[in-house]
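Structure at a glance
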Amino acid sequence: MDRRQFLLRSSLLAAGAALPFKSLFANAQGNFTALRRNVGYFTERGGTIGWLASPNAMAVVDSQYPETAKNCLNGLRDKTDQPLNLLINTHHHGDHTGGNPAFKGVAEKMVAHENVPKLMKKANEESEGEGNTAFPETTYSESWKMDLGDEIIHAKYYGPGHTGGDSVVYFEKANVVHMGDLVFNRMNPYTDRPSGASMQNWTKILSTVAEEYPADAIYIFGHAKPEYGVTGEKEDLMVMKDYLSAILDYVQKGIEQGLSRDEITDIKSLEDFKHFLYADFWTLSDNLGVAYEELTQS
């Protein structure tokens, strides 16, 4: 893939014009799954939505697309009479923010890392057609916290990873961590280098998060190979970290051997990760190319 195609694909994804993973994760009815203490997740189309629905609070993490956002909101209203207090976007990509307009004027606060609205605006400029203009209005640089009903919700930025603005969201009392797209569970991840991604720091984020949160935390993932699911434990974070590390190691060895970018990226799977799902939208070769750019600063 050349640079122009990369930028176009990235901007389309960010603006919500592209629908990656649609065929893998479409669910016409939508699905609510409770985890702990009034916290759960919603799957229909796009990145996994996390939710809190208690007698005295309602919060949502990510918004998928306009129609699925409405389905999520309607379902949550069946669980609690509380108005929507909070929407957090884990990052700027369209399958996580495309539903923001459905929540605008409904959510009392819309929150994200400070880079998210900047990246959304940049994506709108680069994409064709009208983009998403329902930007988070409350932003933070390092960490953010809100007491909400009988829950405490944290958002934290660990530096560039999947993008340059990824939040890890923690429901403290429920002990549930929403990773956004910092984890594609047993899937080849999308790495958005034009939006500030760093594969090297991404591996550090996963190690840090696994150490920082309680051993029995439940993690929600942005996307997943169907048989593995969109929730898991810290061991699943380590599988993701090991895959990214293997990509970086493979590319570094190729560079040291004097191989060209094309020679390094001409591979469909890595030996110890053949069980990973390789989506058409973003392949292992694409990620090897990103790692090559990062390691050579090209």
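All of the points below concern the structure found in this document. Everything numeric in this text was worked out from a predicted model, so none of it was measured. The numbers attached to residues start from 1 for each chain and follow its sequence in the written order. Owing to the predicted nature of the model, reporting of local features is limited to residues with pLDDT of at least 70; listing and counting of side-chain atom pairs is limited to 80 or more, with chain, interface and lining totals taken over all residues. Water and hydrogen atoms were dropped before computing side-chain values, which therefore reflect all heavy atoms in the structure.

Observations concerning the pairing of strand β6 (residues 109-113)
To sort residues, take the accessible area from a 1.4 Å probe on protein chains only and compare it with the maximum for the residue type: under 20% means buried, over 50% means exposed, and anything in between is partly exposed. Numbering goes from the N terminus for both helices and strands, where a helix is a DSSP run of H or I of at least four residues and a strand is a run of E of at least two. The buried fraction of β6 is high, at 4 of 5 residues. One ladder, built from 3 bridges, connects strand β5 (residues 86-88) with β6; its direction is parallel. Of the residues in β6, the one forming a bridge with Leu86 is Lys109. In this scheme, strands are said to pair when DSSP sees at least two bridges between them. Two elements, β6 and strand β7 (residues 138-140), share 3 bridges in a ladder whose sense is parallel. In the strand pairing of β7, Ala112 is matched with Thr139.

As for the environment of Tyr140
Inspection of the secondary structure assignment puts Tyr140 in strand β7. When its relative accessible area of 4% is taken as the criterion, Tyr140 is described as buried. Those residues in contact with Tyr140 that sit more than four places away from it in its chain are Ala112, His113, Glu114, Ala155, Lys156, Tyr157 and Ser167. Nitrogen and oxygen atoms within 3.5 Å of one another constitute a polar contact, given that in protein one can donate a hydrogen and the other can accept it, and given that sequence-neighbouring residues count only through two side-chain atoms. Polar side-chain contacts of Tyr140 include one of 3.5 Å to the backbone nitrogen of Tyr157. Contact criterion: two residues are considered in contact whenever any of their non-hydrogen atoms come within 4.5 Å of each other.

Structural notes on the pairing of strand β9 (residues 151-157)
Most of β9 sits out of view: 5 of its 7 residues are buried. Pairing geometry for strand β8 (residues 143-148) and β9, over 6 bridges, is antiparallel. Paired with Asp147 across the strands is Ile152, a residue of β9. Here β8 folds back onto β9, and the loop between the two strands holds 2 residues, one of which, Gly149, carries a positive phi near 60°. For β9 and strand β10 (residues 167-171), the ladder comprises 5 bridges, and the chain directions are antiparallel. The partner of Lys156 across the bridge, within β10, is Val168.

Brief notes about unusual backbone geometry
Phi is positive for Asp62, which is not a glycine, with a value near 75°. Checked against the element boundaries, Asp62 lands in the loop between β4 (57-61) and α3 (66-77). When its relative accessible area of 0% is taken as the criterion, Asp62 is described as buried. Even without being a glycine, Arg186 presents a positive backbone phi close to 60°. Relative to the helices and strands, Arg186 is located in the loop between β12 (184-185) and α7 (199-212). Of the residues examined, Arg186 reaches a relative accessible area of 12% and is grouped as buried.

Things to note about the packing of aromatic side chains
Two aromatic rings, drawn from Phe, Tyr or Trp (for Trp, its six-membered ring), form a pair once their centres lie within 6.5 Å of each other, and the interplanar angle then sorts them: stacked below 30 degrees, edge-to-face above 60, tilted otherwise. Following the criterion strictly, the structure yields 7 aromatic pairs and no others. Arg45 extends its terminal NZ or CZ atom over the ring of Tyr65, reaching a point 4.3 Å from the ring centre. Note on geometry: a ring has a charge over it if NZ (lysine) or CZ (arginine) is within 6 Å of the ring centre and within 35 degrees of the ring normal.

Section: the sheet that holds β7
Taken together, 7 strands build an open sheet; the order of strands is β1-β2-β3-β4-β5-β6-β7 and the sheet is mixed. Strands at the two margins of the open sheet, each flanked by one partner only, are β1 (31-36) and β7. If you compare each strand with its neighbour and ignore which way they point, the axes differ by 20° on average. Judged from the 5 bridges that link them, β1 and strand β2 (residues 39-43) form a sheet pairing that is antiparallel. Residue pairing across strands places Phe32 opposite Phe42, the latter belonging to β2. In this analysis, axes come from line fits to C-alpha atoms, helices being fitted only over the stretch in contact, and the angle between any two N-to-C directions falls in the range 0 to 180 degrees.

Some remarks on the nonpolar core
Counting residues in each nonpolar core, the largest one holds 40 residues, and the members touching the most others are Met179, Val209, Tyr219 and Leu237. Looking at this core, the elements that each hand over two or more residues are β10, α7, α8 (234-256) and α10 (284-296). Top contributing element to this core by residue count: α8, with 8 residues. Among all residues touching Met179, those that are not within four sequence positions of it are Ser167, Val168, Leu206, Val209, Tyr219, Ile220, Phe221 and Leu237. Residues grouped as a nonpolar core are buried Ala, Val, Leu, Ile, Met, Phe, Trp, Tyr and Cys residues, joined through side-chain atoms within 4.5 Å.

Description of helix α6 (residues 115-126)
The end-to-end C-alpha distance of α6 is 16 Å, a good match for the 16 Å that 12 residues give at a rise of 1.5 Å each. Three or more residues of α6 are buried, namely Val116, Pro117, Leu119, Met120, Ala123 and Asn124. Down the axis of α6, the buried side of the element spans an arc of 160°, and every buried residue falls inside it. Counted as exposed and oriented over 90 degrees from the buried face of α6: Lys118 and Glu125. In this scheme, a helix's expected span is set at 1.5 Å multiplied by one less than its residue total. This arc is taken over the directions from the axis of the helix to the C-beta atoms.

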